[in-house]
Structures are given as C-alpha cells and as structure tokens.
Amino acid sequence: MASFSIDPGVKSMRTEQAVPVRLVDYRPPDWLVETVALDVSLDPTRTRVRARLKLKPNPQAAAPAAVVLDGDELVLRAVTLDGEALAADAYVATPDRLTILQPPNRPFVLETETELDPTANTKLMGLYRSGKAYTTQCEAEGFRRITYFPDRPDVMAVFTTRIEADKAEAPVLLANGNLADAGDVLGTTRHYAVWHDPFPKPSYLFALVGGALGVIEDSFTTMSGRKVALKIFVEPGKESRADYAMGALKRAMRWDEQAFGREYDLDIFMIVAVSYFNMGAMENKGLNIFNDKNVLASQETATDADFNSVEAIIAHEYFHNWTGNRITCRDWFQLCLKEGLTVFRDQEFSSDIRSRPVKRIADVRALRGHQFVEDAGPLAHPVRPEAYREISNFYTATIYEKGAEVVRMLKTLLGPAKFRAGMDLYFERHDGRAATVDEFVACFADAADYDLTQFMRWYRQAGTPELAVEANYDAGAKTCTLEITQMLPPTPGQPVKEPMVIPLAIGFLGPDGRDRPVTLAGGPTLERGVVTLTQAKQTFAFTGLDERPVMSLNRGFSAPIKLTANLRDGDLAFLAAHDSDSFNRWQAVQTLATALLIENVAAHRGGAPKRGADELIVALAAIIGDHGLDPAYVAQAMAMPTEGDIAREIGTDVDPDAIFAARRELRAAVGRALGSALEAAYVRMTDKGPYSPDAASAGRRSLKNLALDLAAAGDPGAGVARAAKQYRDADNMTDRMASLGVLSLYAGPERQEALDDFYRRYDGDALVIDKWFALQAVIPEPETLDRVRALTAHPAFSLANPNRVRALVGNFVQANQTQFNRADGAGYAFHADTMIALDAINPQVAARLMTAFRSWRALEPVRRGHAEEALKRVAAAPNLSRDVNDIVARSLGTG
Ligand SMILES: [Zn+2]
C-alpha cells in the first residue's frame, strides 16, 4: 500500500482488547487453501457471499488440527463440507471465527455463505461503498470482513471470482486476473462477470469493484512482445484527468523491465479510482484500487506536487506486482519486505526519470520529518517489529521510508552490480512464495559473498543512530584522522543497543573546493568513497593530503543517521559554495540555517540578543545567483527548515511559538536581503508558453513560487499585491495554490477575496475543495482553531470521507505547529473530541491522526500537560477501537 490498553477499569463490553501478536510465535498454517471460488451477489445492504474453499492439510504442520477461519463482523448463513450440510455440533461460528472442529485429515471442500451490508461499512475495510460504487480494501485484514478465511499472507490460493449485480446500478464488474466469462442473468435485471487469477495470492491482494464507471484504455507491449491491455476506471466525466496516470503507468512498466528485468504477467492491468479510501492506493493483483487523489490530475485541478505524487504512487503500486504480489510476505512482521523495498524502487524510478539530487533531498526531508520524529518518540519501533496489537498501525514511516533506506544501504555496501545480482537471486529463489526479511537479505549475502549478519540489526533495532566525527589534520604526515563514534539511543522496549553497520560516504575538499584523492592508511581501499563502520568507536587515517581538507560527510545521505562533526567556522559556508555532492551542498545550507534558528529560538525565550543571518545570506545569495543550477534544486536549497525540522533538532522543552517567531524573523531577513535577486528569479522563472507538468517546468515553477513567498516575507506589501495578481492570472493550479498560500499568511481583504473566489470556482470538485480546507487549516494565527471548528460543519465536509478529514483535521494537527500546539491546550482538546467522534466511524483513520501526539513528551511543560490530558481523555472514552486504543496506550507509555 502507499500509505495507529488502557486502564482496565474503564473498559466494558469490549471485544477489541487485543492480545499482542508476536513474531516468535509464528508457526506455519495448519491448513492451506488451493483454490477459492467466490460468488458475490452485490446489493446495497444485503450482499451475499458464497465461498468454496479447497482446503488441504499443510504437510509442514504437525498433527491434523481443527480448521480455524478468520472472520470480522460476519454472519454465517450456511456451511457444507464436501457438499454435505455440517451438523450443528461439528462447527462453531462467531462473528470473528469459524471453527470446523474435526475435519477429515485429507483435502476437502468447504462452502460457506455469508451476508454483508456494504453501505453500513464505514470502516472502509472489506467490501464497502464509495459513493455509489462497490469496492474492497483487504490489506491487512479486510478479507475476513468478506468471508471466513485463513486471512494470513502465507496462505496463497488461486482465486476465481464471480460477481453479480443489477445492470443499471453496476454496469462495470471487475476482480483480479483475466476476464473468463460475462453475461446476463436471464429473466432478471442483473448481470455477472467471472474473473480468474492464475497466480496464487494471499487474501489481502483480493479485490472486486462494481459500479457505473468511466474508463480510459491503452496498451503496453512487454519486453517479450506480449500486449497488455491497460484500463483506468474513474467517476464518469473525469476520464481526461486520468491521462497523466496512464502515461505514468507505462513509464513505470518500461522502467521495471530496464532497471530490474521485471515484466508484467497478466493480459490486463486495471486501476480504479475511488473517492472513499483509507490509504493512498492498493496493489491488488491486476486490479489496483486508488484513492482518486492519487490518480486524477489536470492542469486546472492538480499542482505539480500532485502530478509528482500521482506518478510515484502509480509506479509504487505497479512495482508491487513483483515485490509484494509474486513474492509476498510470510507474515505481517515482514511488512517492510514489500513496502521498504517497493518504496526504494519507486524512489529510484522517480530519480531516473526526474532529477536524482532533487528527489534525494525531498526523500530525506520526508524521512527526517516523519521517520526521525517517530524514532524519537513513544511510537518508535524497528523496521521489522517483533510484536503488534493492531497491524494497521504499522503502516508507518519506519516500515516504508526507513525500510527503503535499509535497502539503499545494501546497495551502497555491495555496489550496483552485486546489488542487482542479489535482487535477481531474490526473484529467482522466492517467486510464487511468501518470504521473510532474512531470506531477502540472504540473497544479497549469497550473491555478493558478503557477511550481512551484523547488518540485520537495522531490521531489529529501533532508533536513529547518532554519529560524532572528529577530524584532525596532521600537516607533517599529510594525514587526516577521523575518529568516529556511533550511539543508538534507547527506544521503547530496547534500552540497550549494539553497534550498527553504517556505510558512510565521505569526501575531502581542498582549498580550491575540489575533491582530493586519498588513501585509507593500513586498511582496505576507500571503495566508491564509502567507509564502513561496524563498531561503537573507530578511527580511520587518510593520507595524501597536502593541506587541511574540509570534510564532506554522509554524502548523498548514505546512511539514515544524525551526524555531528568538529567543523571549523566557515566550513559549512565553504561546503555550501563548493561541495561536489549536491546533497551535501544542500545539507550545508540547511545546517547553517538550523544552527542559527536554534540559537535564535533560545534567544527568543531567554530575551537574549539575536544573531544575524549574514553568513547564511551570503550562502543563499551564491546559490540563487548561480544560474547553472537546476531551478528545482535552488528552490530546495533556498527553503528554510520547517518548524517541525527545528522542533526535531531542538528535541526537548520545545516551544512552538518561539520557533515560529525565530523562523518568521529569519524569513523576513532573508527576503529583505535578497529582495532584488528573488525578484529577478521570479521574472526569470515565469514561463510564457503553455503549461506542462514535466519535471523541468515544475522545477521552474517551484523556484518562481519560492521567490514569491520569500520576497513577500521581506516586503509583505509588495508581496501580497504580486500574489493577488498571480492568483488572478494563474492558468494552472500550481501557481494558483502557491499565490493563495502566500495570501493566506497575511490577514487582509486580499486573502478573504481569494479564498471566496477559490471556493466559488471549484465548488463541487471535492479534491480541489480539499485544498481549500487544507489551506485554511494551516494559517498560523489564533483564529484558525475557530475557523477549523466551523469548517467541520461545512456542507462539503464529512467525517465519513478520509480525504476530507485529512485535508482539514490532518493538516491542522500535522502542519500547523503553533495552532495545534496552542499554549492553552484548545488545539489538543479539539483533536481529542474529533478523534473520539471519528473512531466510531473509521478507527483506522482516527488512529493514524492520533499519531499527531507522537512528540508530546518533547514539548515544554505546560503544553506537555495539556497534551497528556487530551490523550488520557481519549483513552478513557467508551467503546474505543483497538486501533486508537493501541496508539494512545503506546503514546502514554501504558501499552
Ligand atoms: Zn506499498
């Protein structure tokens, strides 16, 4: 997928109090399923599901055992074994389990019939309605909400699905695989379709869709010459908005052939866009189901960032066909096996077809903004967790983004050729099977003949390693010595850690700014510029240096670590001007800005005099003045660290108001100092021709809009006027949203005028109105909470639609640091109330949004007290879901 216990005294009438599931308790299933024949008769409130399972004893399991099938809120209507009705004492059926007490010790056929109400299914797991359409979401444990089944990924079966529905209500009927049959049900207004998927798959990859949908069609010829039909289904009338997604799909299919030798396998590949969806998208075999936000994009309705993420998510889900579907996870503890690896693959895809340095910077920003924060708080967990109470809460930045970094480190350690050999071996060895992280890593160890035993700690130990580097130059010996210590801080359940394997890419800059070649004294050569750390403390000596070098450390962010070094004054400015590693050049500017901001935050709180931004401004002036640089890169380098970045770096006793004030002052100072350069960039980057969403055009717009924003910070009067004009003249959503974003920061008639105009212009277009909700939620002023509260009653808002909730509430709690973290606690109280209400409708989304409290312990004492109070209030709410219960308990340290 493309991506949250309490005082027992207050609990009553609950079946949601889960026992933790532990990795050490894994054992193979007692029974396997060879084939599944589903017959689903769709009806808005009474959908009937008949399932015919061919079960056989698992030769790997011990003794013959009862057949235990998972369920979730199911009602059993009938059950037969080999065609014979089962006696009442031969089975036990509850809403969450069907047990066949003494099954024959041989293969047999079990048939069940259940009845569902898709309209009442507001959890959006299992079979539910998205508007008028029927759709499904089964990962991780949704299939058990459709029929009784061994709902675990190591049970892989061949599925045949017959769907029947009213012709007018659901003219389109889709399921996994290839279409085998279709026709009318004679004498009725109903019709049917039969889909057969020849590839054995786990139940979480099952999907079906029924509805009145528009479609765009294309085809793709694979590298072996097979023609594959491509279809994207959308709400009727929105077909043209799916063209970009279709192009992205074809680019992804070609890239996977070229980069990984992976070819698509079925005759048809389908994507369906739905408007009610808990996650970003889902890689069901041959029938991906997407949040429409990640499919639909047009010049008028989507920003460049939207186009970018449509392309990345289309690619991500497509890449799962091999990393996730053909080879799946043995159990949910191995989730990173498919997600970390597939994120790595989609990041590589975007790097190859867009800009690699810009993509790397964006990915590291996201990693630090989400994963480092997760690692530093009460929800920290290893890339492969060892226990969970609710697996839905582990679709996290750690599993996805850190999981991808771990794969990238494998590539850095082994080099590209051996890495590819390891991937090839993985596909060859495990195709058609459910694998583990250990089996994945063993492929690289075997293919490259490399000992990865210690490397496995990246999967087991939570937390972000902290590296301290002390560089000392000896002019006599022409040697630079690096003394490197690593420390992994304690995390929940892991008080003591062992040293990690850390591939550290480094460079030595001479006084002219160029890289100096070095020799690693008395050790292995410096392969590909990387030293490999394995111990808590290590020393490396590099010879051949005529002058003291300036160190460029962790180039390209070769390891997901925090790093400090004994740089001298002026070294960062030097790196910002000269580093040949574009990531580290960007990093040098960020480090300069962050250090300055942290100092000035302290000054704000202590009333001390503030430090000026001269050194940073010189560095920024050089970057914006260098017209040879990629505009998208310049925009990244000129962007100040976010309030979240600063809070994360401060780490304890965080005061969001002081952070906001220091950052606002710095932006104003930079805007004033670089006013004319920003003005010039704004003009230079303004395209006259027609709009195109390609990376180069988007990069120019990103610099133009950064210049608009930063110049307005320096001169609000002129900035507001320019933004208002850009808003009126905009011929695309990127420019329109960027100008609205600038206007939103300055209270005045221009802001309200533009907000009203925006609503009128896009009224009824839900995805665009989400931008209107989001923008108002992030305005950093005290009136925002009242505005957000009022907007929850707006006719276009609904707690039942996750996109609306994420747009308004999600942005308020995740992206509005000062107003969510109000000193009076009103932001937390609002969130607690809203999440208690949402939990009754959609526990998964409520749990995810509750992670907004993940850094509550890092706050200054007054806010910390209010946050704890809000968390405890949620914890005490009656009938809390397992999902929210788990997040709240871990956040409070009671679970
Ligand atoms: Zn995924």
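In this text the structure is predicted, and so the values were computed from the model without any measurement.

Asker: An account of the environment of Lys402 is needed here, citing residue identities and associated values.
Answerer: Position of Lys402 among the secondary structure elements: in helix α5 (residues 397-414). Through-space distance from the C-alpha of Lys402 to that of Asp89 is 50 Å; in sequence the pair is 313 residues apart. The residues contacting Lys402, other than those within four sequence positions of it, are Leu367, Gln371, Asp375, Val383, Ala397, Trp458, Gln461, Ala462 and Gly463. Reaching out from Lys402, the side chain makes a polar contact with the side chain of Asp375 at a distance of 3.4 Å.

Asker: Can you tell me about the sheet that holds strand β6 (residues 84-85), naming the residues and giving the values?
Answerer: Taken in spatial order, the eight strands line up as β6-β5-β9-β3-β2-β12-β15-β14 in an open sheet, and their pairing is mixed. Only two strands of the sheet have a single partner each, and these edge strands are β6 and β14 (178-184). Across 10 bridges, strand β2 (residues 31-41) lies against strand β3 (residues 47-57) in antiparallel orientation. Across the sheet, the residue bridging to Thr35 is Lys54, located in β3.

Asker: Could you give an account of the pattern of salt bridges, naming the residues involved and the relevant values?
Answerer: Going through the model one piece at a time under the given rule, you end up with 81 salt bridges. Here Glu483 and Lys537 are joined by a salt bridge, their closest N and O atoms 3.7 Å apart. Linking Glu483 in strand β26 (residues 479-487) with Lys537 in strand β30 (residues 537-543), this pair joins segments that are 54 residues apart in sequence. On the basis of relative accessibility, which here comes to 34%, the residue Glu483 falls in the partly exposed class. Its salt-bridge partner being Asp515, residue Arg555 comes within 3.0 Å of it at the nearest N-O pair. Of this pair, Arg555 sits in the loop between β31 (550-553) and β32 (562-565) while Asp515 sits in the loop between β27 (502-509) and β28 (519-520), and the two are 40 residues apart along the sequence. Relative accessible area serves as the criterion here: at 13%, Arg555 is assigned to the buried category. It is possible to trace a salt-bridge network through shared partners that takes in Glu348, Asp352, Arg356, Arg360, Glu405, Arg408 and Lys411.

Asker: How would you sum up the environment of Ala521? Please name residues and give values.
Answerer: Along the chain, Ala521 turns up in the loop between β28 and β29 (530-533). Separated by 40 residues in sequence, Ala521 and Thr481 have C-alpha atoms that sit 9.6 Å apart. Excluding residues that lie within four positions of it along the chain, Ala521 makes contacts with Ala541 and Thr543.

Asker: So what about the environment of Pro495? Which residues, and what values?
Answerer: Mapped onto the elements of the fold, Pro495 is located in the loop between β26 and β27. Its relative accessible area of 63% is what places Pro495 among the exposed residues. In sequence terms Pro495 and Thr453 are 42 residues apart; their C-alpha atoms lie 21 Å from each other.

Asker: Mind laying out the nonpolar core, listing which residues take part and the relevant values?
Answerer: Membership of the largest hydrophobic core comes to 167 residues, with the highest contact counts inside it found for Phe440, Phe455 and Tyr459. When neighbours within four sequence positions are excluded, Phe440 is seen to be in contact with Leu337, Leu341, Val407, Leu410, Met423, Tyr426 and Tyr459. Listed in part, the 114 residues of the second largest apolar core include Ala632, Leu743, Leu775 and Val805.

Asker: Which residues make up the side chain of Arg326, and what values do they have?
Answerer: Turning to its location among the elements, Arg326 is positioned in the loop between α2 (304-319) and β22 (328-329). A relative accessible area of 14% places Arg326 in the buried class. Here Asp431 takes part through its side chain, which lies 2.8 Å from a polar atom of the side chain of Arg326. Not counting the four nearest positions on each side in its chain, Arg326 is found in contact with Met156, Phe199, Asp265, Lys285, Asn321, His430, Asp431, Gly432 and Arg433.

Asker: So what's going on with helix α16 (residues 695-714)? Residues and values would help.
Answerer: Compared with the 28 Å implied by 1.5 Å per residue over 20 residues, the 29 Å span of α16 between its first and last C-alpha is a close match. The buried fraction of α16 is high, at 15 of 20 residues. For α16, the side-chain oxygen to backbone nitrogen distance between the N-cap and Ala696 is 3.1 Å, and the N-cap itself is Asp694.

Calculation rules
- Residues numbered from 1 in each chain as written.
- Predicted model: local features only at pLDDT ≥ 70, side-chain atom pairs only at ≥ 80, totals over all residues.
- Heavy atoms only, no water.
- Helix = DSSP H or I, 4+ residues; strand = E, 2+ residues; numbered from the N terminus.
- Contact = heavy atoms within 4.5 Å.
- Polar contact = N/O pair within 3.5 Å; in protein donor to acceptor, adjacent residues only side chain to side chain.
- Pairing = 2+ DSSP bridges.
- Salt bridge = Lys/Arg side-chain N within 4 Å of Asp/Glu carboxyl O.
- Buried < 20%, exposed > 50% of the residue type's maximum accessible area, 1.4 Å probe, protein only.
- Core = buried A, V, L, I, M, F, W, Y, C linked by side-chain atoms within 4.5 Å.
- Expected span 1.5 Å × (residues − 1).

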